[in-house]
Amino acid sequence: LTLVKDEKVSFRFVYAAGTDKKVLDAIDALLLDLEVSGVETTRVEDTVAGEGVEILVGADVNREGCKVDLLAVGEGGYIIRVIGNKIVIAGGSVDATQEAIEFFAAEYIKAGEKKIKNLTVAKNINVEKKTEYKVTSVKVAGKNINDYTIVADEKDTYAAAQAQVFQAALYSRSGIFL
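Note that the coordinates shown come from a computational prediction; the quantities given were computed from them, not determined experimentally. (Residues numbered from 1 in each chain as written. Predicted model: local features only at pLDDT ≥ 70, side-chain atom pairs only at ≥ 80, totals over all residues. Heavy atoms only, no water.)

Look at helix 3 (residues 157–174): 26 Å from first C-alpha to last across 18 residues, which is about the 26 Å you get at 1.5 Å a residue. Residues of helix 3 that are buried: Ala163, Leu170, Tyr171 and Ser174. The arc that holds every buried residue of helix 3, seen down its axis, measures 100°, which confines them to one face. What points out from helix 3, more than 90 degrees from its buried face, is the exposed set Thr157, Tyr158, Gln164 and Arg173. (Helix = DSSP H or I, 4+ residues; strand = E, 2+ residues; numbered from the N terminus. Expected span 1.5 Å × (residues − 1). Buried < 20%, exposed > 50% of the residue type's maximum accessible area, 1.4 Å probe, protein only. Arc of directions from axis to C-beta.)

Here it is as structure tokens:
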């Protein structure tokens, strides 16, 4: 997948509306490194039509066929994957997404002091860093918790909020999502 050919840039970074400032700062740091290497590109919100090679940052970027399942990698994990002419970089949390951008920059971009005339990445990139949880399974009344569903009365906002708190706590501590 060609990002730069004969010093001509053919890619941009795309992020979703509402992307956390830490993630945008990580993109900007990479943009600055690229600029030092003679590569000038942009970052745009995903409201702009997607054409050509794009580096999609975050799981919420709106591009058909480019969704990734972050439940498999957990809150501290991330995915870097080439899908067609898009490179998807997404983490299970803001910190994980920031880490994924930094990994991608170091491993594949390698910008810095030297001028980049040509830059390509393999079309088969498929990096998954998974969160390693200390709790790997939970049983309730002898049954695996994956067999259960969290149910709360939607009209009872307190109960619904507590169900979400329980769901988030279970996921962040074990990677189990109900």
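A general tendency of soluble globular proteins is for nonpolar side chains to be buried together. Grouped together as the largest cluster of nonpolar side chains are 32 residues, with contacts concentrated most on Leu3, Phe11, Phe13, Ile27, Ile80 and Ile87. Elements that contribute at least two residues to this core include exactly strand 1 (2–5), strand 3 (11–15), helix 1 (21–36), strand 5 (53–57), strand 6 (78–83), strand 7 (86–91) and helix 2 (94–109). Looking at this core element by element, the count peaks at seven residues for helix 1. Those residues in contact with Ile80 that sit more than four places away from it in its chain are Ile87, Val88, Ile89, Ala100, Phe103, Phe104, Ile125, Asn126 and Val127. (Core = buried A, V, L, I, M, F, W, Y, C linked by side-chain atoms within 4.5 Å. Contact = heavy atoms within 4.5 Å.)

Reading across from one edge, 2-1-8 is the order of the three strands in this open sheet, with antiparallel pairing throughout. One side of each edge strand has no neighbouring strand; the edge strands of this open sheet are strand 2 (8–9) and strand 8 (119–120). (Pairing = 2+ DSSP bridges.)

Enumeration over the complete set of coordinates arrives at one cavity of 30 Å³ or more. Taken as a whole, the largest cavity encloses approximately 40 Å³ of empty space. Forming the boundary of the largest cavity are Leu56, Gly58, Ala59, Val61, Cys66, Lys67, Val68 and Val88. Each residue belonging to the lining of the largest cavity can be placed in one class, and the counts come to six nonpolar, one polar and one charged. (1 Å grid on protein atoms, 1.4 Å probe; cavity = no way out; pocket = protein on both sides within 12 Å on 5 of 7 lines; lining within 4 Å. Points joined across faces, edges and corners; volume = space filled by probe spheres on them. Nonpolar A, V, L, I, M, F, W, Y, C, P; charged D, E, K, R; others polar.)

On to the packing of aromatic side chains. A complete count under the given rule lists four aromatic pairs for this structure. A centroid spacing of 6.4 Å and a plane angle of 75° characterise the contact between Phe103 and Tyr108, whose relative ring orientation is edge-to-face. Given the relative accessible area of 29%, Phe103 is considered partly exposed. Relative accessible area serves as the criterion here: at 23%, Tyr108 is assigned to the partly exposed category. When the ring of Phe104 is compared with that of Tyr108, the centres are 5.5 Å apart and the planes differ by 35°; the resulting orientation is tilted. One end of the pair, Phe104, and the other, Tyr108, are both in helix 2, four residues apart, so they sit about a helical turn from each other. Take Phe104: its relative accessible area is 0%, and that puts it in the buried class. Every member of this aromatic cluster is reached through a ring pair, and the members are Tyr78, Phe103, Phe104 and Tyr108. (Phe/Tyr/Trp six-rings, centres within 6.5 Å; stacked < 30°, edge-to-face > 60°.)

Most of strand 6 sits inside the fold, with five of its six residues counted as buried. In textbook terms, the turn of a hairpin is the stretch between consecutive antiparallel strands, and for strand 6 and strand 7 this stretch comprises two residues, one of which, Gly84, has a positive phi near 65°. Both strand 6 and strand 9 (residues 126–129) contribute to a ladder of four bridges, which runs antiparallel. For Ile79, the partnering residue across the bridge sits in strand 9 and is Glu128.

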